[in-house]
Amino acid sequence: MIKKVNKQSSDRVKVTFVLPEEHPYEGEVSVVGDFNDWTPGAHRFVRRSNQTYSTNVLLPEDARYAFRYYSEEDGWINEEEADDFEPNGYGTTNCVVTT
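In this text the structure is predicted, and so the values were computed from the model without any measurement.

Parameters and conventions
- Residues numbered from 1 in each chain as written.
- Predicted model: local features only at pLDDT ≥ 70, side-chain atom pairs only at ≥ 80, totals over all residues.
- Heavy atoms only, no water.
- Salt bridge = Lys/Arg side-chain N within 4 Å of Asp/Glu carboxyl O.
- Helix = DSSP H or I, 4+ residues; strand = E, 2+ residues; numbered from the N terminus.
- Phe/Tyr/Trp six-rings, centres within 6.5 Å; stacked < 30°, edge-to-face > 60°.
- Buried < 20%, exposed > 50% of the residue type's maximum accessible area, 1.4 Å probe, protein only.
- Core = buried A, V, L, I, M, F, W, Y, C linked by side-chain atoms within 4.5 Å.
- Contact = heavy atoms within 4.5 Å.
- Polar contact = N/O pair within 3.5 Å; in protein donor to acceptor, adjacent residues only side chain to side chain.
- Pairing = 2+ DSSP bridges.

J.: Now, about the pattern of salt bridges: what can you tell me, with residues and values included?
T.: Applying the stated criterion to the full structure yields four salt bridges. A salt bridge links Arg64 to Glu86, with the shortest nitrogen-to-oxygen separation between them at 3.4 Å. On the criterion of sequence distance, the pair formed by Arg64 in strand β6 (residues 64–71) and Glu86 in strand β8 (residues 84–87) is long-range, its members being 22 residues apart. Three or more residues are tied together by salt bridges with common partners; here these are Arg64, Asp84 and Glu86.

Quick look at the structure:
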């Protein structure tokens, strides 16, 4: 799931990527994409008090970013509720979030 909140008096949008408590992925999971040079671990999912796992990224408004989730054990994972999808240069599909 993806949640978006416009930051007041700012041209930034807080994008929260959320995995459910019972997600099937093993090991450390992070969101990687254009906004962090596709670096695993830069935005790790953290367990919250409501038992979900989430991470936040502050992004400029009116932009489009390719991303995927990455698990050390399971590899690349797509977010089913992404705003869009696009082919990448590796024969698979990236997710897209728009702000």
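J.: Please set out the packing of aromatic side chains residue by residue, giving values where relevant.
T.: By convention here, two paired aromatic rings are described through the distance between centres and the angle between planes. Evaluation of the coordinates by the stated rule reveals eight aromatic pairs. Their ring planes at 65° and their centres at 6.2 Å tell us that Trp38 and Trp76 sit as a pair that is edge-to-face. Of this pair, Trp38 sits in the loop between β3 (29–33) and β4 (46–47) while Trp76 is found in strand β7 (residues 75–77), placing the two residues 38 residues apart along the sequence. Relative accessible area serves as the criterion here: at 28%, Trp38 is assigned to the partly exposed category. Counting every residue linked through ring pairs, the aromatic cluster contains Phe17, Phe35, Phe45, Tyr65, Phe67 and Tyr69.

J.: Residues and numbers for the nonpolar core, please.
T.: Ranked by internal contacts, the top residues of the largest apolar core, which has 19 residues, are Phe17, Val31, Phe35, Phe45, Phe67 and Tyr69. Looking at this core, the elements with two or more residues in it are β2 (12–19), β3, β5 (53–60), β6 and β9 (93–98). No other element matches the four residues that β2 contributes to this core. Apart from the residues lying within four places of it in its own chain, the contact partners of Val31 are Phe17, Asn36, His43, Phe45, Thr55, Val57, Phe67, Arg68 and Tyr69.

J.: So, the environment of Glu79: which residues are in play, and what are the values?
T.: Here Glu79 shows up in the loop between β7 and β8. Overall, Glu79 belongs to the buried group, its relative accessible area being 7%. Sequence separation between Glu79 and Phe17 is 62 residues; the distance between their C-alpha atoms is 9.1 Å. With residues up to four places along the chain from it excluded, the contact list for Glu79 reads Met1, Ile2, Val18, Phe67, Tyr69, Phe85 and Cys95. Separated by 2.8 Å, the side chain of Glu79 and the backbone nitrogen of Met1 make a polar contact. Of note is the side chain of Glu79, whose polar atom sits 2.7 Å from the side chain of Tyr69.

J.: Describe the pairing of β5, listing the residues and the values that go with them.
T.: Note that β2 and β5 share eight bridges and pair antiparallel. Paired with Arg12 across the two strands is Pro60, which belongs to β5. Of the pairings in the sheet, the one linking β4 to β5 comprises two bridges and is antiparallel in character. Among the inter-strand pairings, Arg47 is bridged to a residue of β5, identified as Tyr53. Counting the residues between successive antiparallel strands, the hairpin from β4 to β5 contains five residues, one of them, Gln51, with a positive phi of roughly 75°.

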